[in-house]
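Next come the chains, spelled out residue by residue.
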Amino acid sequence: MKLSLLCFGAVLVVAVCFQERQCAVCSMGPEIVSRDDWGAREPLLRENMTNPVPFVVIHHSYMPDACYTQEGCIEAMQWMQDLHMINNSWNDIGYSFAAGGDNRVYVGRGWSSVGAHAPGYNNRSIGICVIGDWSDRLPAESQLQAVKQLINMGIRNGFIQENYKLIGHRQARDTECPGDALYSEIQTWSHWIEDPTLDIKSSLAKEGLQPDPREIQDTPEEHNAVKRQSKAIKL
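Since this is a predicted model, take the numbers as computed values, not measurements.

Reading guide: rules and limits
Residues numbered from 1 in each chain as written. Predicted model: local features only at pLDDT ≥ 70, side-chain atom pairs only at ≥ 80, totals over all residues. Heavy atoms only, no water. Salt bridge = Lys/Arg side-chain N within 4 Å of Asp/Glu carboxyl O. Helix = DSSP H or I, 4+ residues; strand = E, 2+ residues; numbered from the N terminus. Buried < 20%, exposed > 50% of the residue type's maximum accessible area, 1.4 Å probe, protein only. Pairing = 2+ DSSP bridges. Axes fitted to C-alpha atoms, helices over the stretch in contact; angles between N-to-C directions. Contact = heavy atoms within 4.5 Å. Phe/Tyr/Trp six-rings, centres within 6.5 Å; stacked < 30°, edge-to-face > 60°. Core = buried A, V, L, I, M, F, W, Y, C linked by side-chain atoms within 4.5 Å. Disulfide = S-S within 2.5 Å.

A. Quick peek at the pattern of salt bridges. As enumerated under the stated definition, the model contains six salt bridges in all. Ionic pairing is found between R35 and D92, a salt bridge with its closest N-O pair at 2.9 Å. In this pair, R35 is assigned in helix 2 (residues 35-38) and D92 in the loop between helix 3 (70-87) and strand 3 (97-99), connecting sequence segments 57 residues apart. Accessibility assignment for this pair places R35 and D92 in one class, buried. Its salt-bridge partner being R104, residue D102 comes within 3.1 Å of it at the nearest N-O pair. Each member of the pair, D102 as well as R104, is classed as buried. When salt bridges that share partners are traced, they join E31, D102 and R104 into one network.

What follows is the structure in structure tokens.
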């Protein structure tokens, strides 16, 4: 009897330790690489965004492909910023953050700047790019874990609402992003929603607001450049 109780107690301790360890991993923050550390250009313009935001939008880069070293991921970040600023004439790299295969998170526009990654959501979301083409395969679990840790960090620090909604880029516009494999994966995450437009419309109506005209009119604004260019370059 005593032996059974001892065995049961040991199993219970192991189970509790495992759960605590899992929680600790989820609550840890990923290693963050600052704009200075990856050699970012200065933005042409910065527009403040109100936090906490109600949405997180997941992307893949498609090009460049996955990077697995800090040197490779820095090259990918610089390539994307050049593409967005020089080719697309945007103010900066479009994403808020990017997660590399080196399990680090690279700062794009950051927590509190309006992005250029998903029309209709740019001024109310954090856009996270998972560097690589995730059409036919998934990122490593550690890379996905870095994305989850980043989101949890945003919640803890008041940048993302606790009841945030998670969507893939293809739910905001006609695109294959974030790739079929990654999109299937994020649909299993607890905060993913199937129809974000319902939430957007009800939120705007409740606050007596109208959609940002830059996101719905055919003007040469940065946000609309996403509509015109992203189909060609598969952002």
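Don't stop here, the text continues.
B. Highlighting the sheet that holds strand 6 (residues 160-168). Strand order in the open sheet formed by six strands is 1-4-3-5-2-6, and the pairing between neighbours is mixed. The sheet terminates laterally at strand 1 (31-33) and strand 6, the two strands that pair on one side only. Here the strands of the sheet are splayed against their neighbours by 30° on average, with no regard to which way each runs. Note that strand 3 and strand 4 (residues 104-107) share three bridges and pair antiparallel. Along strand 4, the bridge assignment pairs F97 with V107. In the packing of helix 4 (residues 141-156) onto the sheet, the strands contacted are strand 1, strand 2 (53-60), strand 3, strand 4, strand 5 (125-130) and strand 6, and the crossing angle to strand 6 comes to about 145°.

C. Expanded view of the packing of aromatic side chains. Considering all chains together, one arrives at four aromatic pairs under this definition. With 4.5 Å between their ring centres and 55° between their planes, F97 and W111 make a pair best called tilted. Of this pair, F97 sits in strand 3 while W111 sits in the loop between strand 4 and strand 5, placing them 14 residues apart in sequence. When its relative accessible area of 3% is taken as the criterion, F97 is described as buried. According to the relative accessible area criterion, W111 is buried, its value standing at 14%. Geometrically, the ring pair formed by Y183 and W192 is edge-to-face, given 6.3 Å between the ring centres and 75° between the ring planes. Summarising the burial analysis for this pair, Y183 and W192 share the class buried.

D. Structural detail: the nonpolar core. Ranked by internal contacts, the top residues of the largest apolar core, which has 29 residues, are I58 and L166. Sorting the residues of this core by element identifies strand 2, strand 3, strand 4, strand 5, helix 4, strand 6 and helix 5 (180-186) as the ones contributing at least two each. Considering each element in turn, this core owes the most residues, six residues, to helix 4. Of all hydrophobic cores here, the second largest spans 14 residues; its members include W38, A76, Y95 and I131.

E. Spatial organisation of the state of the cysteines. In total, this model carries one disulfide according to the counting rule given. The cysteine C129 is free of any disulfide, with C177 supplying the nearest cysteine sulfur at 7.0 Å.

F. A look at the pairing of strand 4. Judged by which residues are buried, strand 4 turns out to be covered on both faces: R104 and Y106 on one side and V105 and V107 on the other are all buried. Taken together, the three bridges between strand 1 and strand 4 define a ladder with parallel strand orientation. The residue of strand 4 that forms the bridge with E31 is R104. Between the antiparallel neighbours strand 3 and strand 4 lie four residues, among them N103 with a positive phi of about 70°.

G. Broad picture of the environment of D136. For D136, the location among the structural elements is in the loop between strand 5 and helix 4. We classify D136 as exposed; its relative accessible area is 78%. Sequence-wise, D136 and L182 are 46 residues apart; in three dimensions their C-alpha atoms are separated by 8.4 Å.

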